[in-house]
Amino acid sequence: ADSKGIGTISLEAIEPEVTKNVFGLSRCKEAEDQLMEKEPYDKERKTIMRRAIEQCGATHRPPEEQRQHRQEIVDMLEERFDSPIRAWANLLDIHAKGKLKRKEFQTSMAVLGYTGNTNKLWEELGLKKKQSVRFKDLCPEVIEEIREFKNLAGKKIITLIQVSEVAAGPGKSKKAGAPVDNEEFYKVMDAIEYPGDPERLLRHLDPGNMGYANTRTLRILNEQRSEEKAVPQFLKKYAENRQALLEQKIASVVIPPAKELLAKQDSLRESCLEEQQTKKETRNAKEEFLRKLTNKFGSIAKAWRLALDPELKYAIENVDHLMKGMKRAGQMPAEGGEHALRTVAEKIFQACMSKETEQISLDCLDPRTPAMLEKFKDLCEERFGSLQDAFEKVDVDGVGIVSREDFRMLCHEVKATDGIFRLMEFLDPKRTGEIRLSLIDGEVVEDAMLATQTRRQMQQNAQEQGDTIPGGLQHAAQERAKRPARRALEQVKQRLVRKYGSILRAWKTVQGNVTQDIGRDGWLRFFEHVGMDNREAALAWELVPKVDDKLALARFEHRIGEDFEALLRRIKERYGSNLAMMLEMDDGSLSMDFERFLELCYECQFRGNERRLFEYLEQDEGLFGFERIDEKVAKDLQEQKEKEEAKKKEEERRKMQKKREERKAKQSKKKAPAEADPWEEPETQASLQEEELPKPKEAVRPKPPAGLGHLCIAMKPPLVKLKKASSLPSLRIGVRSQWNDRHHIADHLGNRDMNLIHMLTSVETQEQEKCMARVRRKIAQNPTMDWFEEQLRLEEERNAQIWAPDSDEEDEEEEAGENENPVEVSHT
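Reading guide: rules and limits
- Residues numbered from 1 in each chain as written.
- Predicted model: local features only at pLDDT ≥ 70, side-chain atom pairs only at ≥ 80, totals over all residues.
- Heavy atoms only, no water.
- Helix = DSSP H or I, 4+ residues; strand = E, 2+ residues; numbered from the N terminus.
- Buried < 20%, exposed > 50% of the residue type's maximum accessible area, 1.4 Å probe, protein only.
- Contact = heavy atoms within 4.5 Å.
- Areas by Shrake-Rupley, 256 points an atom, 1.4 Å probe, with all protein chains shown as cover.
- Phe/Tyr/Trp six-rings, centres within 6.5 Å; stacked < 30°, edge-to-face > 60°.
- Patch = residues over 30% accessible without salt bridge, like charges linked within 9 Å, V, L, I, M, F, W, Y side chains within 5 Å.
- Salt bridge = Lys/Arg side-chain N within 4 Å of Asp/Glu carboxyl O.
- Lys, Arg positive; Asp, Glu negative; His and termini not counted.
- Charge placed at Lys NZ, Arg CZ, Asp CG, Glu CD.
- Polar contact = N/O pair within 3.5 Å; in protein donor to acceptor, adjacent residues only side chain to side chain.
- Arc of directions from axis to C-beta.
- Core = buried A, V, L, I, M, F, W, Y, C linked by side-chain atoms within 4.5 Å.
- pLDDT = per-residue confidence, 0-100.
- Axes fitted to C-alpha atoms, helices over the stretch in contact; angles between N-to-C directions.
- Parallel < 35°, antiparallel > 145°, perpendicular 65-115°, else oblique.
- Nonpolar A, V, L, I, M, F, W, Y, C, P; charged D, E, K, R; others polar.
- Disulfide = S-S within 2.5 Å.

Moving on to the overall build of the protein chain. A count of helical and extended segments in the protein chain gives 39 helices and 6 strands. In the protein chain, which comprises 828 residues, the share counted as buried stands at 29%. A separation threshold of at least 6 residues defines the contact pool for the protein chain, and within that pool the share at least 24 residues apart is 62%. A total accessible area of about 57,400 Å² is found for the protein chain, and carbon and sulfur atoms account for 51% of it.

Here you go:
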């Protein structure tokens, strides 16, 4: 069929009739023409050898690009162990034989994960089949690096070994070796200008991965002439040391024989019992020691000052010092004398001493007293700004000593009342009535005394130059004369605060009304309540600021007056006037509770004491009227509200009168049906008797803006203008939704209704909270019972006016009276 040898035949040559029926004559003619146009290929037969040569030539690589099996293994060892020497010591040659047979090497390669051809590797290393491999055969470049370091360092290796052994101390033997400091090692590398990587060399010399080289390794390297022998030798020493450590570890966990184990347990139990008994005796001795001190002196702090540390060394340094303190405290043993006392003192000292200082301090015996002293210092800094200012205030003479009463008043002022007795027992154990401030902080006391003396010296110099200063000595004498009065005034204020909590509460309790000014009699009542005599009251009365011999609370406690004036200024800045503030904050009662007052202070950005000012303004329990802020404006606002209420009542009265007249007109039409308008539509009897109730006003809806199209195209929106305001915006936080604890639950057909119910009942509760707030406000304004009474009264009045007597005679008399006389309605 393929006579031309072109490699293609036509279907017509196989089945001519079927081909013509399927494709047609025209298609068969075209296929025959295409076969005639094709030419046969030039066919040359290639042998298998030639084809192999061509394929090998296409894939042939030069020798330098062929696979390097040894280098691959070295790279794997460095990647896993950071050094070939570490890999040889910990993986390949763990028994330190110095060489590996072919089977052992192949096993190690399998453990390493090498998948290459070990036979090719053996050939690349140049070894015979039964020959062993050594480290120099596998990693000759590492040997070269160590050789180069040894040649460059020379005698400096010996120096490095000696420095390291001296630094390690005499306890290290030369056989075990000593660690080489890395800084010294790197200094040597810099000195010899080593061309390689110093860190890589350090890893070669540290087969155990300890982070440092060992002098044993450097000594072997220095003593051996051949580096090829030095590496296996120090690896052998490393393996022996590792094996010795392993044997020691195994020996430590091996269970000894039963007799030896029982003997060891018995000795351990006896030693533990002895130690426990010693601790118990020591603890009992300490508890007995502290109990005796407390029984004799009353407190540990007082015993410390009087018996244990009267010299103020602040520590018991040794047992002899403790024995002296025990003698002063009267704790001599009944028998045994000095020897028995020393035995007890040693136990107490061992039980009470601090492990850090190995001394006994007050912290060890009574830690609460030093803690209270530190708390007192912190409170003084919070109250006065610094401890020095507190000392200057209480120590006006600058001598560093204050009385017990002054110190007690200082503790009350800084709110350290829970530790007054403890502190005074420590600072004044003998109850002399004087307290040395140097016991609290000596350096601060010296600075305070120096500052006080400097200030007094300046005052004295100013008094000496009285001829040039207005007032001169006379003014200084007047100031000195006022000191008792000032002291009495400060003392009565402090006692009032201590007894009642604040000056404001004391004024309310003693005088009764914060708005009422007091005279001399009211002033004397203050001193009677705090237990001070009338002579001090008379001195202080001359000093307080009075108006017409009357004293107001705002003048006696100037901070209240300052806060009130600051609040009025803030209200004027925020609202423009007191009237605007009252109109905005009023809830219908012309009063304000504490919560509303806090909102006002927050809105006005008031920075004073809100609680104290509210107590000053408060009239009833938890409320105060607007007249406490501005009486005139509150009175005008009250009159305006009364006028509005009267106007509303008048409108209601007129509406009721109009309804009554309409009802009477309907009744008159019922009596005279013949006189009705014939053109009027007939009404049923029920409709005439039906009461015409007022219709509710329809809500006025704003007109929608005119426009075209459903998309509001060409619509003209209404013009909206914002009101001009010069006040600050309101920072009040509105009502927010609650936390949705089902936020992580996705909606699906099974829980969509439950999620919606949860959202409406537990999350979106703004309208509920607003409604509850409105109800609470309305109930506070008008209680429920008052509202019921008012509604019943109005309902009775409304019924009385609507349902008047229905008899015809009474109606005729009323109509006759209305025709004769004008209607006069009186509203009660």
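From this point, things continue past the structure.
Before going further, it helps to examine the packing of aromatic side chains. Inspection of every chain in the model, using the stated rule, returns 11 aromatic pairs. With a centroid separation of 6.2 Å and 45° between ring planes, the pair formed by F149 and F185 is classed as tilted. Pair noted here: F149 is in helix α9 (residues 140–153) and F185 is in helix α11 (residues 182–192), with a separation of 36 residues, a long-range link. The exposure classification of F149 matches that of F185, with both residues buried.

On to a positive patch on the surface, then. Among the surface-exposed residues, K770, R774, R776, R777 and K778 lie close enough to one another that they form a single positively charged patch. By the element assignment, K778 lies in helix α37 (residues 766–781).

The subject of this paragraph is the side chain of D428. By the secondary structure assignment, D428 is in the loop between α23 (420–427) and β4 (434–436). Polar contacts involving the side chain of D428 include one to the side chain of R404, which spans 3.0 Å. Those residues in contact with D428, other than ones at most four positions away along the chain, are R404, G433, E434 and I435.

A contiguous patch of negative charge, built from D636, E639, E642, E644 and E645, is present on the exposed surface. Counting through the fold element by element, D636 comes out in helix α34 (residues 631–671).

A few words now on helix α28 (residues 534–543). Taken together, the buried positions of α28 are occupied by A537, A540 and W541. One side of α28 carries all its buried residues, which in axial view fall inside an arc of 110°. Seen from the buried face of α28, the exposed residues on the opposite side, beyond 90 degrees, are R535 and E542.

This paragraph deals with a nonpolar patch on the surface. A cluster of nonpolar side chains, I9, L11, I14, V18, V22 and F23, forms an exposed patch at the surface whose accessible area comes to about 570 Å². Locating I14 in the fold gives a position in the segment before α1 (16–23). Under the relative-accessibility criterion, I14 is labelled exposed at 54%.

Another point: the environment of Q233. Tracing the backbone through its elements, the reader meets Q233 in helix α14 (residues 227–253). Each C-alpha atom of the pair Q233 and A96 lies 8.5 Å from the other, and the pair is 137 residues apart in sequence. Setting aside anything within four residues of it in sequence, one finds Q233 in contact with I220 and Q224. Here Q224 takes part through its side chain, which lies 2.5 Å from a polar atom of the side chain of Q233.

Attention shifts here to the pattern of salt bridges. A complete count under the given rule lists 36 salt bridges for this structure. Its salt-bridge partner being E227, residue K150 comes within 3.9 Å of it at the nearest N-O pair. Here K150, found in helix α9, pairs with E227, found in helix α14; they are 77 residues apart in sequence, far enough to count as distant. Residue class for E227 comes out buried when judged on its relative accessible area of 6%. Among the salt bridges present, the one from K327 reaches E338, with a minimum N-O distance of 2.8 Å. Note that K327 is positioned in helix α17 (residues 319–328) and E338 in helix α18 (residues 337–352), a separation of 11 residues in sequence. With a relative accessible area of 40%, E338 lands in the partly exposed category. The network of salt bridges with shared partners includes E144, R147, K150 and E227.

This next bit is on the nonpolar core. Membership of the largest hydrophobic core comes to 53 residues, with the highest contact counts inside it found for L322, F376 and F407. Setting aside residues up to four positions removed in sequence, F407 forms contacts with F376, V402, L423, M424, L427, I435 and I440. If you look at the next biggest cluster of nonpolar residues, it comprises 50 residues, including L496, W507, A540 and L617.

To continue, consider the confidence of the model for the protein chain. With 84% of its residues at a pLDDT of 70 or more, the protein chain has an overall mean of 79. Ranking the elements of the protein chain by mean pLDDT puts helix α35 (residues 685–689) last, at 41, and helix α36 (residues 752–763) first, at 89. Long-range and interchain partners of residues 806–815, a stretch whose pLDDT sits below 50, account for 10 contacts in this model, where long-range means more than four residues apart. Low pLDDT (under 50) marks residues 817–828, which in the prediction has 6 contacts with non-local residues, meaning those over four places away or in another chain.

Moving on, we get to the side chain of H204. Turning to its location among the elements, H204 is positioned in helix α12 (residues 198–204). For H204, a relative accessible area of 0% gives the class buried. Within the structure, H204 has its side chain in polar contact with the side chain of S83 (distance 2.8 Å). When neighbours within four sequence positions are excluded, H204 is seen to be in contact with S83, P84, I85, V142, E145 and F234.

Take the packing of helix α20 (residues 368–384) against helix α22 (residues 404–413) next. Viewed as axis vectors pointing N to C, α20 and α22 meet at an angle of 70°, and their least axial separation amounts to 10 Å. With respect to their mutual orientation, α20 and α22 come out roughly perpendicular. Here α20 contributes F376, R383 and F384 to the contact with α22, which in turn contributes F407, L410, C411 and E413. The residue makeup of the contact of α20 with α22, split by class, is 5 nonpolar, no polar and 2 charged.

Even without glycine at this site, N209 takes up a positive phi of about 55°. Examined against the element boundaries, N209 turns out to sit in the loop between α12 and α13 (215–223). Judged by relative accessible area, N209 falls into the exposed class, the value being 53%.

Bringing the state of the cysteines into the picture now. For the coordinates displayed, the defined rule picks out 0 disulfides. Summary of cysteine pairing: C352 is not part of a disulfide, and the nearest cysteine sulfur, belonging to C364, is at 7.4 Å. Looking at C352, the relative accessible area reads 3%, which means it is buried. Sulfur of C380: no disulfide; nearest cysteine sulfur belongs to C411 and is 7.4 Å away.

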